[in-house]
Amino acid sequence: MSFSIERYKEESRKLDTAGIDWHGVTASPLSKGDLFCLHYMMDIENHVPLYLSHLLVTRACMDPILTAFLACWNYEELWHGENIGKFLNLYGIEFDAQDRIANVRANLGLHNSVSILSTMLGSWLLKDFSAVYLTIGAINELSTLTGYGALIRKSGHPVLKDLLSRIIKDERRHYAFYFNSAKEWLTDNEKAQRVDRWMLDRVWVPVGQGVKTQEQVDALALYLFDDEQGEEELLGIDEKIGRLPGLSGIKLMSRALYAARERRRQDPEWAWRLIDNEEWAIAPPKKSPIGELTTRRTLGGEAVSAYEGI
Ligand SMILES: [Fe+2]
Ligand SMILES: [Fe+2]
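Everything in this summary refers to the structure shown in the same document. Residue positions are given per chain, counting from 1 as you read along its sequence in written order. Whichever chain is written first is A, and whichever ligand is written first is 1; the rest continue in order. In keeping with the predicted nature of the model, local features appear solely for residues at pLDDT of at least 70, side-chain atom pairs appear and are counted solely at 80 or more, and the whole-chain, interface and lining totals rest on all residues. In computing side-chain values, all of the structure's heavy atoms are included and hydrogens and water are not.

Broken down by element type, the protein chain carries 14 helices and zero strands. The N-to-C order of helical and strand elements in the protein chain reads α-α-α-α-α-α-α-α-α-α-α-α-α-α. C-alpha atoms define the radius of gyration in this analysis, and the globule rule sets the expected value at 2.2 Å times the number of residues to the power 0.38. Taken over C-alpha atoms, the radius of gyration comes to 19 Å for the protein chain, in line with the 19 Å a tight globule of 310 residues would show. C-alpha extents for the protein chain along the principal axes are approximately 55 × 45 × 40 Å. Buried residues in the protein chain amount to 50% of all 310 residues. Sequence separation of at least 24 residues holds for 86% of the intrachain contacts in the protein chain that already meet a minimum separation of 6. Here a strand is any run of E in DSSP of at least two residues, a helix any run of H or I of at least four, and the numbering for each starts at the N terminus. Burial status follows relative accessibility: with a 1.4 Å probe on protein chains alone, a residue under 20% of its type maximum counts as buried, one over 50% as exposed, and anything between as partly exposed. Residue contacts are counted whenever heavy atoms from the two residues lie within 4.5 Å of one another.

Glancing now at the coordination of the iron ion (ligand 1). Taken together, the protein ligands of the iron ion (ligand 1) are E45 (OE), E45 (OE), E77 (OE), H80 (ND1) and E171 (OE), with distances of 2.0 to 2.2 Å. Here the donor residues for the iron ion (ligand 1) map to a single chain with the spacing E-x31-E-x2-H-x90-E. A separation of 3.7 Å is found between the iron ion (ligand 1) and the iron ion (ligand 2), both of which receive a donor from E77. One end of the pair, H80, is in helix α4 (residues 64–91); the other, E171, is in helix α8 (residues 158–186), with 91 residues separating them in the sequence. The same class applies to H80 as to E171, namely buried. Donor atoms are limited to N, O and S found within 2.8 Å of the metal ion, a distance that becomes 3.2 Å for Na, K and Ca. With water left out, some sites might look partial.

Right, let's get into the coordination of the iron ion (ligand 2). Around the iron ion (ligand 2), the protein contributes the donor atoms E77 (OE), E141 (OE), E141 (OE), E171 (OE) and H174 (ND1), at 1.9 to 2.8 Å from the metal centre. All donors to the iron ion (ligand 2) come from one chain, and their sequence spacing reads E-x63-E-x29-E-x2-H.

Helix α7 (residues 129–155) packs onto helix α2 (residues 32–46) with a crossing angle of 155° between their chain directions and a minimal axis gap of 11 Å. Between α2 and α7, the angle is such that the two are roughly antiparallel. When you trace α2 past α7, the crossing you get is left-handed. Here D34, C37, L38, M41 and E45 of α2 come into contact with α7, specifically with T144, G147, Y148, L151, K154 and S155. Classifying every residue of the contact of α2 with α7 by side-chain character gives five nonpolar, three polar and three charged. Between the N-to-C directions of two axes lies an angle of 0 to 180 degrees, each axis being a line fitted to C-alpha atoms and, for a helix, fitted only over the stretch in contact. For classification purposes, an angle smaller than 35 degrees is called roughly parallel, one larger than 145 roughly antiparallel, one from 65 to 115 roughly perpendicular, and anything else oblique. The handedness criterion is simple: a crossing whose near helix is rotated anticlockwise from the far helix by less than a right angle is left-handed, and one whose near helix is rotated clockwise is right-handed. In this count, Pro and Cys sit with the nonpolar residues alongside Ala, Val, Leu, Ile, Met, Phe, Trp and Tyr, while Asp, Glu, Lys and Arg are called charged and the others, Gly among them, polar.

Take the pattern of salt bridges next. We define a salt bridge as a side-chain nitrogen of Lys or Arg found within 4 Å of a carboxyl oxygen belonging to Asp or Glu. Using the criterion set out here, one finds 20 salt bridges in the structure. In this structure, R153 engages D227 in a salt bridge whose closest nitrogen and oxygen atoms are separated by 3.6 Å. Of this pair, R153 sits in helix α7 while D227 sits in the loop between α10 (214–225) and α11 (228–241); the two residues are 74 residues apart in sequence, bridging distant segments of the chain. Take R153: its relative accessible area is 30%, and that puts it in the partly exposed class. Residue E233 is joined to R153 by a salt bridge in which the shortest nitrogen-to-oxygen separation is 3.4 Å. Of the two residues, E233 sits in helix α11 while R153 sits in helix α7, which places them 80 residues apart along the sequence. Here the residues in one salt-bridge network are R153, K154, D227 and E233, joined through shared partners.

Among the buried residues, those of types Ala, Val, Leu, Ile, Met, Phe, Trp, Tyr and Cys that are joined through side-chain atoms within 4.5 Å form a nonpolar core. One finds L70, F87, Y133, Y178, L224 and I241 to be the most contacted residues of the largest nonpolar core, which totals 85 residues. The element that contributes the greatest number of residues to this core is α7, accounting for 14 residues. Once residues within four sequence positions are removed from consideration, F87 is found in contact with W22, V25, L30, L38, H157, V159, L160 and L163.

Relative to the helices and strands, N83 resides in helix α4. N83 sits in the buried class, given a relative accessible area of 7%. What N83 contacts, discounting residues up to four positions off in sequence, is L15, T17, W22 and L163.

The next point concerns helix α3 (residues 48–55). Here α3 has its buried residues at V48, L50, L52, H54 and L55. In the core, the buried residues of α3 are packed alongside α2, α4, α5 (97–108), α6 (110–125) and α7.

Phi is positive for D188, close to 55°, though the residue is something other than glycine. With respect to the helices and strands, the residue D188 is situated in the loop between α8 and α9 (190–203). Residues other than glycine seldom take positive phi values, yet E278 does so here, at roughly 55°. Its location among the elements puts E278 in the loop between α13 (272–276) and α14 (290–294).

Compared with the 39 Å implied by 1.5 Å per residue over 27 residues, the 38 Å span of α7 between its first and last C-alpha is a close match. The buried fraction of α7 is high, at 24 of 27 residues. Where α7 ends, the next residue or the one after it, G156, has phi of about 60°, a positive value. Expected span of a helix, by definition, is 1.5 Å for each gap between consecutive residues, and there is one gap fewer than residues.

With that out of the way, let us pick up the packing of aromatic side chains. Each Phe, Tyr or Trp ring (for Trp, its six-membered ring) is paired with any other whose centre lies within 6.5 Å, and the angle between the two planes then decides the class: stacked below 30 degrees, edge-to-face above 60, tilted in between. Applying the stated criterion across every chain yields a total of 15 aromatic pairs. With centroids separated by 6.4 Å and ring planes inclined at 10°, the aromatic side chains of F129 and Y133 adopt a geometry described as stacked. In this pair, F129 and Y133 both sit in helix α7, four residues apart, roughly one turn of the helix. For Y133, a relative accessible area of 4% translates into the label buried. Each member of the aromatic cluster is reached from another via a ring pair, and the members are F3, Y8, Y51, F69, W73, F129, Y133, F177 and Y178. Any Lys NZ or Arg CZ found within 6 Å of a ring centre and within 35 degrees of that ring's normal is scored as a charge over the ring. Its end group placed over the ring of W79, K14 keeps NZ or CZ at 4.3 Å from the ring centre. The ring of Y223 is capped by K154, whose NZ or CZ atom sits 5.9 Å from the centre of that ring.

Structural data, given as structure tokens:
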């Protein structure tokens, strides 16, 4: 698996959706679990600019190759979220994408600012911060594309398969960048390897956790991966990450699945109730109304009609 930043800069572009059969979105049904996952995935794709805001204050961004990658990566991720939102709107789920994004962000509250400050401080105190960040990037991209693959399999929806397969191609390139960059940093660098392993074992959480609650993360994990094939796929992610120097035998994704299973064993309603009750709407924040945060006073109402012409 190779990666060239020059080639990536040349080839990076908005997701190509030409030829997707948008008219066929309503022709096949989706389960509540499929819809739960799509909302989760859309929210996390749309969260990328805030994730980026954490990275841009760290010492990792002294590296011009990294910032070139992030500039393109952020743009590509934008179109993943946009197109999943479009798919959901066309399926008949009514929401205004901009309102939803603003509400997700407003709900983060003070936690977001504290997190930016602690990431910034951590990165300047920790010389090998980049190793940790790059490894987490590799896990996030690989688990994202594995999640999309699992959703294609679970849903059996042909249009969703077409859309997600195109997104997966982008995620593979992102994974290649992070994995190769992490490998470069960790090779012959025992101290970085120790720091990386220590941090992953203690502070790593699955992609989306923090924006989503533990129960929401578990609902996604149990819906997509709580069968033989799903478990094998998560073990496969651990195995691939374990090929990085110093990370041999590490268990992250499979450990998260087993922990989710355990929480459900203790409470049989755990996680599935969110899917059964269709709990994917985002509640407006109690403090900081989004109009105040965004200065937009006229909100909503046009998302569905925007696609009427197709
Ligand atoms: Fe993405
Ligand atoms: Fe990605």
